[in-house]
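Each chain, letter by letter, is given below.
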Amino acid sequence: MRATVGIFDSGVGGLSVAEALHRLCPSLPIHYLADSAFFPYGDRTADEIQERTVLIVRRLVDEGANVIVIACNTASSAGLERVRAEFDVPIIGMEPPVKPAVEQSLSRRVLVLATAGTISGQRLARLTERHSADAEVVTIPMPGLADLVEGGEIDGPRVEEMLRHALEEPVAEGADQVALGCTHYAFLRPVLRRILPEHVDLVDAGDPVARRTLHVIDEAGLEVDRAGAEVEVLCYATGDVTAFESTVDRLRAAGAALPPLRISRPVA
Ligand code: DGL
């Protein structure tokens, strides 16, 4: 059986993961569902997000996906265990890249940027406990930052101000790693690179998750026509499709790396 990967996020953030997967394997069919009617997940309760996660995974599976990537740290934190128990397709989740950030840190001080939902979740607490070793891991909630990205704003004074405000002090105190714990923030790499000192590394989970997805596809015995022609990522949004399209246009215009997309009518 051929692999079809279903990827979802609350909005455009997971497109950064879809881009990484498409870059590794351009012929792999990907269905992308943006739950934009319920954006932002970061401010919702864990129960609410869990219910949405079940619903969205069911929709992707019903529409033919046989591997799922939850390209959202907040939804993975709230719902990964539940959907793994409920569905028998392989499901890959996202978590803030604490482990590689700790491994790379020379100063033993690591920052994690994420939504309030991810930061208050037990999943991140467990992850930090398991991997922080002798390093200090400082979590920084960024309310409103994913909202700017969701509006297509990935640079400019508002974004810069929010990031400077959050990062200036902890970086001055010696942090040398910034782990991006929200898929929306992957699009902020250029502005982050500009405002952070050179010795501070940015750690993103998009590429590792894409590699892991291909590995899981192999393990599951699903086929991928690697020599096949490049395909577009088929995109749906649960909210206003025109708003989703205009965000995508703004992201592209601002230089964000995106895969080729075919944006479809909203899911009822
Ligand atoms: N992209 C989502 C994540 O990785 C969060 C955005 C939101 O708040 O909905 O956590």
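The shown structure was predicted, so the numbers you read here are calculated from the model rather than taken from an experiment.

Student: Whenever I open this one, the overall build of the protein chain confuses me. Can you help?
Tutor: Secondary structure summary: the protein chain contains eleven helices and ten strands in total. Against the 2.2 N^0.38 benchmark of 18 Å for 268 residues, the protein chain shows a C-alpha radius of gyration of 18 Å, consistent with a compact globule. If one aligns the C-alpha atoms of the protein chain with their principal axes, the spans along those axes are about 50 × 40 × 35 Å. Here the protein chain holds 268 residues, and 56% of them are scored as buried. Considering only contacts in the protein chain between residues 6 or more positions apart, those separated by 24 or more positions represent 78%. When the accessible surface of the protein chain is totalled, it reaches about 11,600 Å², and 50% of it is carbon and sulfur.

Student: Explain the state of the cysteines to me, please; I cannot follow it from the model alone.
Tutor: By definition, a disulfide is the covalent link that joins the sulfur atoms of two cysteine residues. Applying the stated criterion across every chain yields a total of zero disulfides. No disulfide involves C72; its sulfur sits 6.7 Å from that of C182, the nearest cysteine. Judged by relative accessible area, which is 4%, C72 ranks as buried. Here C182 falls in the buried class, since its relative accessible area comes to 7%.

Student: Can you walk me through the layout of surface pockets in this structure?
Tutor: Sizing a probe to match a water molecule and rolling it over the atoms shows the empty space that remains. Of the voids in this model, the largest pocket is the one considered here, and its volume is about 440 Å³. Looking at the lining of the largest pocket, the elements that each hand over two or more residues are α3 (73-86), β4 (91-92), α4 (98-104), α6 (122-131) and α10 (206-219). Per element, the largest residue contribution to the lining of the largest pocket is four residues, and it comes from α10. Partitioning the lining of the largest pocket into residue classes produces 13 nonpolar, two polar and six charged.

Student: Is there a simple way to think about the sheet that holds strand β10 (residues 261-263) in this case?
Tutor: Across the sheet, which stays open at both edges, the six strands sit in the order β4-β3-β1-β2-β9-β10 with parallel pairing between neighbours. Of all the strands in the sheet, the pair left with one neighbour each is β4 and β10. Where strand β1 (residues 5-9) and strand β2 (residues 30-34) come together, five bridges link them in parallel fashion. Its bridge partner being in β2, V5 is matched across the sheet by I30. Helix α1 (residues 15-24) rests against β1, β2, β3 (67-70), β9 (233-237) and β10 of the sheet, and its axis sits at about 175° to β2.

Student: Just to check I follow, could you spell out the packing of aromatic side chains for this structure?
Tutor: Two aromatic rings are characterised by how far apart their centres lie and by the angle between their planes. Counted according to the given criterion, the structure contains zero aromatic pairs. One residue, R52, lies across the ring of F38, its end atom 3.6 Å from the ring centre.

Student: What is the right way to read the side chain of T118 from this model?
Tutor: With respect to the helices and strands, the residue T118 is situated in helix α5 (residues 116-120). There is a polar contact of 3.2 Å between the side chain of T118 and the side chain of T74. With near-sequence residues (within four places) excluded, T118 lies in contact with N73, T74, S77, P96, L124 and G181.

Student: What am I meant to see in the pattern of salt bridges here?
Tutor: Pairing between side chains of opposite charge can happen when the charged atoms of each approach one another. All chains considered together, the criterion is met by 20 salt bridges. A salt bridge links E103 to K99; the nearest nitrogen and oxygen atoms lie 3.6 Å apart. Note that E103 and K99 are positioned in helix α4 at a spacing of four residues, about one turn of the helix. Here E160 makes a salt bridge to R194, at a shortest N to O gap of 2.9 Å. With E160 in helix α8 (residues 157-172) and R194 in helix α9 (residues 189-195), the pair connects residues that are 34 residues apart, well separated along the chain. Salt bridges here are not isolated pairs; linked through shared partners, they connect D155, E160, R164, E168 and R194.

Student: When you look at unusual backbone geometry in this model, what are you seeing that I'm missing?
Tutor: As a rule of thumb, non-glycine residues mostly have phi less than zero, and peptide bonds are mostly trans rather than cis. A cis amide bond links F39 to the next residue, P40, at an omega of 0°. Positionally, P40 belongs in the loop between β2 and α2 (46-62). In the Ramachandran plot, R108 falls in the positive-phi region, its phi being about 65° despite a non-glycine side chain. Its relative accessible area of 22% is what places R108 among the partly exposed residues.

Reading the values: the criteria
- Residues numbered from 1 in each chain as written.
- Predicted model: local features only at pLDDT ≥ 70, side-chain atom pairs only at ≥ 80, totals over all residues.
- Heavy atoms only, no water.
- Helix = DSSP H or I, 4+ residues; strand = E, 2+ residues; numbered from the N terminus.
- Rg over C-alpha atoms; globule rule 2.2 N^0.38 Å.
- Buried < 20%, exposed > 50% of the residue type's maximum accessible area, 1.4 Å probe, protein only.
- Contact = heavy atoms within 4.5 Å.
- Areas by Shrake-Rupley, 256 points an atom, 1.4 Å probe, with all protein chains shown as cover.
- Disulfide = S-S within 2.5 Å.
- 1 Å grid on protein atoms, 1.4 Å probe; cavity = no way out; pocket = protein on both sides within 12 Å on 5 of 7 lines; lining within 4 Å.
- Points joined across faces, edges and corners; volume = space filled by probe spheres on them.
- Nonpolar A, V, L, I, M, F, W, Y, C, P; charged D, E, K, R; others polar.
- Pairing = 2+ DSSP bridges.
- Axes fitted to C-alpha atoms, helices over the stretch in contact; angles between N-to-C directions.
- Phe/Tyr/Trp six-rings, centres within 6.5 Å; stacked < 30°, edge-to-face > 60°.
- Lys NZ or Arg CZ within 6 Å of the ring centre and 35° of its normal.
- Polar contact = N/O pair within 3.5 Å; in protein donor to acceptor, adjacent residues only side chain to side chain.
- Salt bridge = Lys/Arg side-chain N within 4 Å of Asp/Glu carboxyl O.

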